[in-house]
Structures are given as structure tokens and as C-alpha cells.
Amino acid sequence: MASLTTTLPFFTTTTRTLLSHHLRHHHRRFLYSTISAAKTTTPATTNIIDVLQTRGLIESITNPNLRTDPTRLRVYCGFDPTAESLHLGNLIGIIVLSWFHRCGHTPVALIGGATGRVGDPSGKSSERPELDDSTLQNNIAGITKILDRIGKGNFVILNNYDWWKEVKFLEFLKNVGRYARVGVMMSKESVKKRLDSDTGMSFTEFSYQLLQGYDFVHLYRNEGVRVQIGGSDQWGNITAGTDLIRRILGVDEGVYGVTFPLLLKSDGTKFGKSEDGAVWLSSKLLSPYKFYQYFFSVPDGDVIRFMKMLTFLDLEEIDEIERRMKGGEGYVPNFAQRRLAEEMTRFVHGEEGLGEAVKATEALRPGAETKLDWETIEGIAKDVPSCCFSYDRVLNVSIVDLSVMSGLLESKAAVKRLVKQGGVYLNNSRVDSDAKMIEADDIVDGKVMLLSAGKKNKMVVRVS
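Here's what I pulled together on the structure shown here. Quantities reported herein were computed from a predicted structural model and do not represent experimental measurements. (Residues numbered from 1 in each chain as written. Predicted model: local features only at pLDDT ≥ 70, side-chain atom pairs only at ≥ 80, totals over all residues. Heavy atoms only, no water.)

## Things to note about the overall build of the protein
Where we set the bar: Elements are defined by DSSP. Helices are runs of H or I of four residues or more, strands are runs of E of two residues or more, and each kind is numbered from the N terminus. Note on classification: 1.4 Å probe, protein chains only; a residue is buried when its accessible area is under 20% of the maximum for its type, exposed when over 50%, partly exposed between these limits. Areas reported as accessible are Shrake-Rupley estimates using a 1.4 Å probe. Residue values count occlusion only from the protein chains shown.
Along the protein, the regular secondary structure elements total 20 helices and 13 strands. Each of the 464 residues in the protein was classed as buried or not, and the buried ones make up 49%. Per element, the accessible surface of the protein, about 22,000 Å² overall, is 50% carbon and sulfur.

As C-alpha cells, this is what we get:
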């Protein structure tokens, strides 16, 4: 039996002692009254639920009283460290936390250093691969950096491993597991889908909702957090938390869960995947230029809705942009997309990242008058195909041969045809003749060239 008390990789001794004491019935009401007395009674500046509702950022609320709760709230959103960067799917959580801050509340970003070792089954058709400690620590460091940067220091950032690392299995079953109803856990949508699948569900994954649920208990008791937010697929995990707070602490009122809708395109497909995979929030994995381009390419049918959900622009300004789009009155094509791309890039990568993205976008536009330099071309090299040739190999070679050698186009006939149509560019200058030969001045700073076939098909040619 002693082996059953080995620790989950997760409570400090003090936390365990406090938990067992607070589970006693005569301490529950004392605990609740103490927390209630500690709450700030300063009213919030703006009704956060009204704000989120008008911007399409509310899916469900566990308790309608949140709409009229007058106090300043502490609210949290969890981020499991499954990769070294957060991605576009995580961004709505960050945006909602930011709206809470703008409305006078305190946002808490919780990194799942413990729950990330288990893996959330929500929305997954199979169990997540296990991550080793080194990878987890690297992921936690990367996500912490992103949350601090985008949150501009306004987020309280916590790691649930800090209270889970000393928890023993028998203790967990006694102090938390006894309050969980298996029937309720089985009824969660994330569980039912997996149980009906060929792969089924492991006990480890099944227990995830209890781990996340207890996070809410801990944060309520120790940090005064009364609201948990998450995507619509997190409803089961969030209600597991509110239920545990009610059962363990005897608290029925003043605790809330809020879900926001998943980010979908108008055709019902998920928004947040590019041809190359996830749209990362780290510039190391996706450059500000590529991030900017992703939002610049949003279809007209989605751009206004995304501006409301993802930016902090006034709704009056967004309505005016929509009016001009529909009426054509003084509207410049792609203006809405450009504004969306600018706001999103500024929010995620700051003014410097936006400046880098705008400079690259303008400079790399075929026919642009901006003079290209080596740094600008290298800045997008990881986002477009590239190749490398020796200096002697490219000098005095025809544009037709270079386009085929580099892989820009498949055949000489295709190059010649596109040249006649005015669609081939060398360093953003249109190539007027298929007899064009590469000269020394065409090699930017003696290091690189940019070939373009149309507006989007580009090739960086490095010269060594």
C-alpha cells in the first residue's frame, strides 16, 4: 500500500495541511466568510460581460449573476505548455483577459506545468504524447515570455506545478476524488466523444478535469480568483471547477465560469491554421511579416467579425469600415484587412514587429519603388522558399534559366509566357524581356536576389 502514496508530479506540506483542515464542515463557512471579506468592493469601471457580448466573445456563462456582479474580479485562463509557443487558438483567451484588465479587473494567466504532464483530452481524438521534463521547462519558459510580452506586464502569471508537485495519490483521492461524481464526469462532452471512439480514453486523461477543477479551488482559496474563462471546448473542465468549489468549500455564489466561441471562418472551418501549420505567436517560429500576411489574407466575409473579436478598435470605427465596404464609398480595397493585420501584429509583436512586417510587405510587393536591401530580403527568407548558388553560377545567366534552376517555375516555356504577361519580377522590378541576363548589380549587396512570379510566388536566391 505504501507505493500508492508516491507523489503525482505535483501540494506543498502546508497546502496539504490546510486542505484537510478546510474540508471539515465547521471550517467551510469560516473560510467563505474570510474570502468574502477580503474581496475588494471597488466597483469595476465598465461591465465586462456587456463588452464581451457585443464583440461576440461570449459563448456560455455558468451563472447569470456575473452580469450584475459589481466588484472587481480576479479572473484566470489556463495555458498548457504543449509547445514552446502559444498559437492563434490561444489568442482569444489572452484577448479576453486583456478586456477584463481594461474593465478594471485582475487577469491571471495560469501555465499548466502540472496539467501539461497529463494532457487535456478536450477536442482530441487520441492521447497527447508525453513530454519530458526538459521539453516542458523549455515550453513553460517560452509561453511565460509570450504572456508577459503580450500582456504588457498586466497579467499575474502562475504555474500550477507549484501546488501540485507535492500531492500524493491517496491524499488526492481522499481530499478531492471523493467529491467528484463519476456519472457527472462521464457526461462531459469531451469524455463521451473519446469513449465512443476506437482509441477510448485512459484513466490519466479521464482525471484531467479533476486536476483542472482543483486548480480553480486552489486559486479561489489562495488567490481570490472567482472567474475562470476558456474556449467552448473547456465547458466541462470549467464546470468541474465550480462544482468542486461548491462541494469542497461549500460556496454556491460568486464563482463563475465563462466560455468564448472557437475562432471559425464563415465556412465553419477553424481559423488559425496556415498552409505551413499553426499560426504561432512567437517570432522565432513565425515572423511578424508572415503573421501580418495571414491576417491580411482574411476574406471579406470574415474580416469585420474578426475585427470585433480580435482587436480593441471602437465598435463605431469597425461599423464605419463595414459601411464603406458594403457601399464602396471611398473604400480602398483590402483596407479592412490591412487594419486588422496592423492591429493584430501590433498586439502580438509590438510596434517594432509591426514596423518590420509593414516594411517587408511594402518592399516585397512586386513593382514597389522601395529599394530592397539584404536585411529586408533575409527577413522573409524563412517564410518563403530559398535556394543557394555560387556567384559564378548565377552571373550572366538568363532570367529564364535562373527561374527554372531556382524552382520558381517548372519550365522555360512557363517563364517566357509569364514574362510576356508581365508577371516575372527580379528584386521587385518587372522583367520586360526573357533575354534578360543577371548582372552584378542585380545581386543585392552582393549576397541575395528576390525572384517573383506574380504577387505571391517568391524565391530567395542566396549567392555565395
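## What to know about the packing of helix α4 (residues 88–102) against helix α16 (residues 335–363)
Applicable threshold: A fitted line through C-alpha atoms represents every axis, and for helices the fit uses only the stretch in contact; the resulting angles, taken between N-to-C directions, go from 0 to 180 degrees. If an angle is under 35 degrees, it is roughly parallel; if it is over 145, roughly antiparallel; if it lies from 65 to 115, roughly perpendicular; otherwise it is oblique. By definition, residues are in contact when any of their heavy atoms lie within 4.5 Å. Just so you know the grouping, Ala, Val, Leu, Ile, Met, Phe, Trp, Tyr, Cys and Pro go in nonpolar, Asp, Glu, Lys and Arg go in charged, and all remaining residues, Gly too, go in polar.
Two elements in contact, α4 and α16, have axes whose closest approach is 13 Å; the angle formed by their N-to-C orientations is 85°. Of the possible angle classes, the one that applies to α4 and α16 is roughly perpendicular. Judged by residue contacts, Leu91, Ile94, Ile95 and Ser98 of α4 engage Met344, Phe347 and Val348 from α16. Classifying every residue of the contact of α4 with α16 gives 6 nonpolar, 1 polar and no charged.

## Looking at the pairing of strand β13 (residues 457–463)
Definition in use: At least two DSSP bridges between two strands are required for those strands to pair.
Counting buried positions over the 7 residues of β13 gives 5, a clear majority of the element. Pairing of strand β9 (residues 386–389) with β13 involves 4 bridges; the strand directions are parallel. Its bridge partner lying in β13, Cys387 is registered against Val461. When strand β12 (residues 448–453) meets β13, the two strands line up antiparallel, connected through 6 bridges. In the strand pairing of β13, Leu451 is matched with Met459. In textbook terms, the turn of a hairpin is the stretch between consecutive antiparallel strands, and for β12 and β13 this stretch comprises 3 residues, one of which, Gly454, has a positive phi near 80°.

## Examining the pattern of salt bridges
Cut-off, in case you're wondering: Counted as salt bridges are all cases of a side-chain nitrogen of Lys or Arg within 4 Å of a carboxyl oxygen of Asp or Glu.
For the structure shown, the criterion picks out 18 salt bridges. Its salt-bridge partner being Glu343, residue Arg346 comes within 3.1 Å of it at the nearest N-O pair. Taken together, the residues span about one helical turn, with Arg346 and Glu343 both in helix α16 at a distance of 3 residues. For Arg346, a relative accessible area of 28% puts it in the partly exposed group. Of the residues examined, Glu343 reaches a relative accessible area of 18% and is grouped as buried. Glu351 is paired through a salt bridge with Arg346; the nearest N and O atoms lie 2.7 Å apart. Owing to a relative accessible area of 52%, Glu351 belongs among the exposed residues under this scheme. Residues joined by salt bridges that share partners form a network here, namely Glu317, Arg339, Glu343, Arg346 and Glu351.

## Brief notes about the sheet that holds strand β4 (residues 156–159)
Strand order in the open sheet formed by 6 strands is β1-β6-β5-β2-β3-β4, with mixed pairing between adjacent strands. Every interior strand has two partners, whereas the edge strands, β1 (60–61) and β4, have only one. Along the sheet, α4 makes contact with β2 (74–79), β3 (106–111), β5 (227–231) and β6 (256–260), crossing β2 at roughly 165°.

## Notes on the packing of aromatic side chains
The relative placement of two aromatic rings is captured by the distance of their centres and the angle of their planes. Defined as follows: Put simply, two rings from Phe, Tyr or Trp (the six-membered ring, in Trp's case) pair if the centres are within 6.5 Å, and we call them stacked under 30 degrees between planes, edge-to-face over 60, tilted for the rest. Whether a charge sits over a ring depends on NZ of Lys or CZ of Arg being within 6 Å of the ring centre and within 35 degrees of the ring normal.
Counted by the stated rule, this structure contains 11 aromatic pairs. Centre to centre, the rings of Phe271 and Phe295 are 5.8 Å apart; their planes meet at 65°, and the pair counts as edge-to-face. Of the two residues, Phe271 sits in the loop between β6 and β7 (273–274) while Phe295 sits in helix α13 (residues 288–296), which places them 24 residues apart along the sequence. Residue classification places Phe271 among the buried residues on the basis of a relative accessible area of 5%. An aromatic cluster is defined as three or more aromatic residues linked by ring pairs; in this entry it consists of Phe271, Phe291, Tyr294, Phe295 and Phe306. Positioned above the aromatic ring of Phe312, the side-chain terminus of Arg102 is 3.9 Å from the ring centre. Of note, Lys447 hangs over the ring of Trp374, and the distance from its end group to the ring centre comes to 4.1 Å.

As far as function goes, none of this settles anything; it's purely spatial.
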